[in-house]
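# Residue-level structure breakdown
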Amino acid sequence: MNVIEKFVKTVNLMDETILVPCRLMDLKVGDDQDPSDKHLKKKPSVQQTLDSTDLFQIYSMLKNVKDGLLWGGKSQQSEDIQETILVPQLSIKGHIRRPSTVSVASTNSSTSGLCDSDSEAGSGNENDSGIEEVVQEECRTERIAHDFQRHLTGLTSSIRQMTEAAQYLTWRYQHDIGGPV
């Protein structure tokens with residue numbers, strides 16, 4: 001929660017600082033106008049992650065992610081844009097198959113790590129005492145907890161990178177307009 005709160009505060013500060021977002025258009029991280037040598041020594045991950053990325057795209061992405069975190073999910077506008085990109089308009093009558101929203105990797109990761117009891121459960125023993133079911137359920141809960149921890153670690157890392165990106169954009173905008181850095 002602290003990482004999310006810091007991200008939201010940093011994006012809000014970025015939004016308050018960047019009064020004319022269109023000034024970010026056609027500027028890129030690491031371009032000739034980027035005097036970030038001193039700044040990037042403190043935060044090398046910004047340069048590595050965002051090198052040659054358009055600043056206006058970063059600004060828009062950060063605002064959309066913040067809104068998604070605060071209001072839960074995608075906005076209708078971003079869904080419309082995604083559908084336009086992913087599902088081309090066809091002149092064929094009938095149904096258009098849309099890409100699945102279920103992550104194949106997530107479903108595979110929850111079933112890929114079989115426990116010893118999982119492989120023994122299919123042995124065909126009709127006189128089951130029920131003990132294997134308890135072990136199997138414990139294995140599932142451990143797997144779910146492990147998957148959650150792995151995804152939480154990745155999410156936390158991504159939010160920290162986006163917080164650094166918002167700090168960089170704020171700094172860069174202030175530097176480019178000659179304001180206090």
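Residue numbers here run from 1 along each chain, matching the order of that chain's written sequence. This being a predicted model, a pLDDT of at least 70 is required before a residue's local features are given, and a value of 80 or more before pairs of side-chain atoms are given or counted; all residues contribute to the totals for chains, interfaces and linings. Water and hydrogen atoms were dropped before computing side-chain values, which therefore reflect all heavy atoms in the structure.

Moving on, we get to the side chain of T10. Numbering of helices and strands runs from the N terminus, with a helix taken as a DSSP run of H or I at least four residues long and a strand as a DSSP run of E at least two residues long. Structurally, the position occupied by T10 is in helix α1 (residues 2-17). With near-sequence residues (within four places) excluded, T10 lies in contact with T163, A166 and Q167. Working rule for contacts: check all heavy atoms of both residues, and any pair within 4.5 Å makes them a contact.

Take the packing of aromatic side chains next. Here the distance between the centres and the angle between the planes together describe a pair of aromatic rings. Each Phe, Tyr or Trp ring (for Trp, its six-membered ring) is paired with any other whose centre lies within 6.5 Å, and the angle between the two planes then decides the class: stacked below 30 degrees, edge-to-face above 60, tilted in between. This structure, assessed with the given rule, holds 2 aromatic pairs. Ring plane angle 35° and centroid distance 6.1 Å describe the contact between Y168 and W171, whose orientation is recorded as tilted. Placement of the pair is Y168 and W171 together in helix α8 (residues 131-177), with a separation of 3 residues, close to one helical turn.

Before going further, it helps to spend a moment on the nonpolar core. To form a nonpolar core, buried Ala, Val, Leu, Ile, Met, Phe, Trp, Tyr and Cys residues must be joined to one another through side-chain atoms within 4.5 Å. Type-normalised accessible area, obtained with a 1.4 Å probe on protein chains alone, sets the label of each residue: buried when under 20%, exposed when over 50%, and partly exposed for intermediate values. Counting residues in each nonpolar core, the largest one holds 22 residues, and the members touching the most others are F7, M14, I18, L55, I58, L62 and L169. Taken together, the elements giving at least two residues each to this core come down to α1, α3 (44-50), α4 (55-71) and α8. A per-element tally of this core places α8 first, with 8 residues. Ignoring sequence-local partners within four residues, the contact set of M14 consists of Y59, L62, K63, A166, L169 and T170.

This brings us to the confidence of the model for the protein chain. Confidence in the prediction of the protein chain, expressed as mean pLDDT, is 73, and 59% of residues score 70 or more. For every residue, the predictor states its confidence as a pLDDT score lying anywhere from 0 to 100. Here residues 80-96 is modelled with pLDDT under 50, and outside its nearest four sequence neighbours on either side it reaches 7 contacts, counting other chains as well.

Take unusual backbone geometry next. One non-glycine residue, D26, lies in the positive phi region at around 65°. In this structure, D26 sits in the loop between α1 and α2 (37-42). Given a relative accessible area of 71%, D26 falls into the exposed group. Unlike most non-glycine residues, S52 shows phi in positive territory, near 65°. Its location among the elements puts S52 in the loop between α3 and α4.

Once that is clear, we can look at the pattern of salt bridges. Each salt bridge in this description consists of a side-chain nitrogen of Lys or Arg and a carboxyl oxygen of Asp or Glu lying within 4 Å of one another. Scanning the model with the defined rule gives 5 salt bridges in all. Between D31 and R172 there is a salt bridge whose closest N-O contact spans 2.9 Å. One end of the pair, D31, is in the loop between α1 and α2; the other, R172, is in helix α8, and 141 residues separate them in sequence. Judged by relative accessible area, R172 falls into the buried class, the value being 0%. A single salt-bridge network, built from bridges that share partners, covers D31, R172 and D176.

The next thing to look at is α4. Helix span, expected: 1.5 Å multiplied by one less than the number of residues in the helix. Spanning 17 residues, α4 covers 24 Å between terminal C-alpha atoms, matching the ideal 24 Å at 1.5 Å per step. Within α4 the residues assigned to the buried category are L55, I58, Y59, L62, K66 and G68. Two or three places before F56, at the opening of α4, D54 has a side-chain oxygen 3.3 Å from that residue's backbone nitrogen. Just beyond α4, the residue with positive phi is G72, at close to 75°. For this analysis, a polar contact is any N or O atom pair within 3.5 Å, provided that within protein one partner can donate a hydrogen and the other can accept it, and provided that sequence-adjacent residues contribute only side-chain to side-chain pairs.

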